[in-house]
Amino acid sequence: MVLYLIGLGLADEQDITLKGLRAIQSCSKVYLESYTSILLVDDFQKRMEELYGKPITFAHRETVELEADDILLAAHEGNVAFLVVGDPLSATTHADLILRARRFQAPGSETPTPVPVKIIHNASITTALGSSGLAGYNFGQTISVPFWTEDWRPDSWLGRIGENCQLGLHTLCLSDIKVREQSIEDMSRGIVRYQPPRYMLIPQLITQLLEAAKTHNVDFLKPERTLAVALCRMGADDTPTRRGELVRAGTLAELLAATEPDEAQLAQDEKDDDAYEEENPTVSEKDMDARREARRVQRAIAFWGEPLHTLIIVGHRLHPMEVAYGESLALPGSRWKQVARDVYGCECD
C-alpha cells in the first residue's frame, strides 16, 4: 500500500527508469499528471499502456486538487502510481499531494492513517540544461513565465532575473502551458468548455521578457547585448511526424528575429488579411487578432518546431568553455562570441 510518485523523464514512454517501471507494474491504479508538462510523442497514452502493461488514467489539475482523497484512498488499499513528466519534484507542484498522504485519515478511522509515499526520480529540464553548454553550477533562480492577457500581465519574475544577473548567474526560463483552461466568458456564464491546449513558444517567451524589461526600464535584458540559449523538445528524437531536440544560441534579438517575417512576407500578410476581411465583412478585430496570432505560431513552429520550449538567459559569469560550446550552437551569423567578449568581458580566443 504505497503511493508512488514516478518521474517519466523528458520525452517518451521509454525514458522511465527500470525502478519506475517495476513500481508501475505493481500498482492497481496508474495516474498520469497532465497539466504541468507533456510527453513529446504522438499517441503517448497508447504507447505507455503497451509498454507498462497498465491502463492510464489522466489526472487533470482539478482531479489532483479536488479528488486527492480518492487517489489516497486507493493508495491506502493498494499500490498507486502517480506519473509525472520529467521529475516528480523538480517543481513544488506535487508537494501538497505528499503532505496530504502523510496526514491521510481513512474513512471510518478515528486516527490518521498515513499513506506511505515513495518517490522515484528521473531526468527533467533542470538536468537537460547541460546541453546548452552552460555549467549547472552557474545557474541561479529558475523562473516561470505565464501567458499574458489583456488585463493580466504578471512580471514578478523580472526581479528574479535581475537578482541572477547581479550575481552573474544564468537563468532558466520555463514557458507556460495551458491545458483544459476555460475562457473568462464561459466561466462567467457557467459553461464548462475547455479551450484548445496552448504552449508558449520561444518568440512569445522572448517578447514578454523584453516587454517587461522595457516597462520597468531595467538595465539588463538588452536585446542586442544579452546572450541566450533556446532549448526545444529536450531528449526527443526525430520521427516522421515530429522534430527532435533542437538547441540554438544567440542574442535575444537574434533568436527573436529567426521567425520575424521579412518585408515581402509582411506585405503578403497584409494582402491576405485585406482579402479575408472583404470576404468576411462582419469579422471582428478580435478574430483578426486571433488570425494574426495563429500565423505567428505557425512561423514559430516552422523554425523552432513543436513544444516544449525553454530559454536560458546567460549570466555574465561566463567561462571560455561555455563561450566555445555556445558558439557551436549559435545561429548562422550570430554575434555570440563578440558579445561574450565585448559585453560579458569573457577572455575568449
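Not measured: the values here are computed from a predicted model.

Asker: Help me understand the pairing of strand 10 (residues 227–232) in this model?
Answerer: Look at any regular strand and the pattern is simple: side chains alternate between the two faces of the sheet. Taking burial as the measure, the six residues of strand 10 include six buried ones, the bulk of the element. Residues Leu227, Val229 and Leu231 line one face of strand 10 and the alternating positions Ala228, Ala230 and Cys232 line the opposite face, and both faces are buried. Both strand 10 and strand 11 (residues 246–251) contribute to a ladder of six bridges, which runs antiparallel. Each residue of the ladder has a partner; that of Val229, found in strand 11, is Ala249. As judged from the five bridges shared by strand 10 and strand 12 (residues 309–313), these two strands associate in the antiparallel manner. Note that in strand 12 the partner of Ala228 across the bridge is Ile313.

Asker: Explain the environment of Ile71 to me, please; I cannot follow it from the model alone.
Answerer: Of note, Ile71 is situated in helix 4 (residues 68–77). A relative accessible area of 0% means that Ile71 is categorised as buried. Measuring from C-alpha to C-alpha, the distance between Ile71 and Thr142 comes to 30 Å, with 71 residues separating the pair along the chain. Beyond its immediate chain neighbours, meaning those up to four positions away, Ile71 contacts Leu3, Tyr31, Val80 and Phe82.

Asker: Is there a simple way to think about the environment of His121 in this case?
Answerer: Residue placement: His121 occurs in the loop between strand 5 (117–120) and helix 6 (125–128). Taking the C-alpha atoms as reference points, His121 and Ala267, separated by 146 residues in sequence, lie 51 Å from one another. When residues no more than four places from it in sequence are discounted, the contact partners of His121 are Thr17, Asp87, Pro88 and Leu89. Polar contacts involving the side chain of His121 include one to the side chain of Asp87, which spans 2.9 Å.

Here is what the cut-offs are and how they apply
Residues numbered from 1 in each chain as written. Predicted model: local features only at pLDDT ≥ 70, side-chain atom pairs only at ≥ 80, totals over all residues. Heavy atoms only, no water. Buried < 20%, exposed > 50% of the residue type's maximum accessible area, 1.4 Å probe, protein only. Helix = DSSP H or I, 4+ residues; strand = E, 2+ residues; numbered from the N terminus. Pairing = 2+ DSSP bridges. Contact = heavy atoms within 4.5 Å. Polar contact = N/O pair within 3.5 Å; in protein donor to acceptor, adjacent residues only side chain to side chain.

The quantities given are spatial measurements derived from coordinates; they are silent on function.
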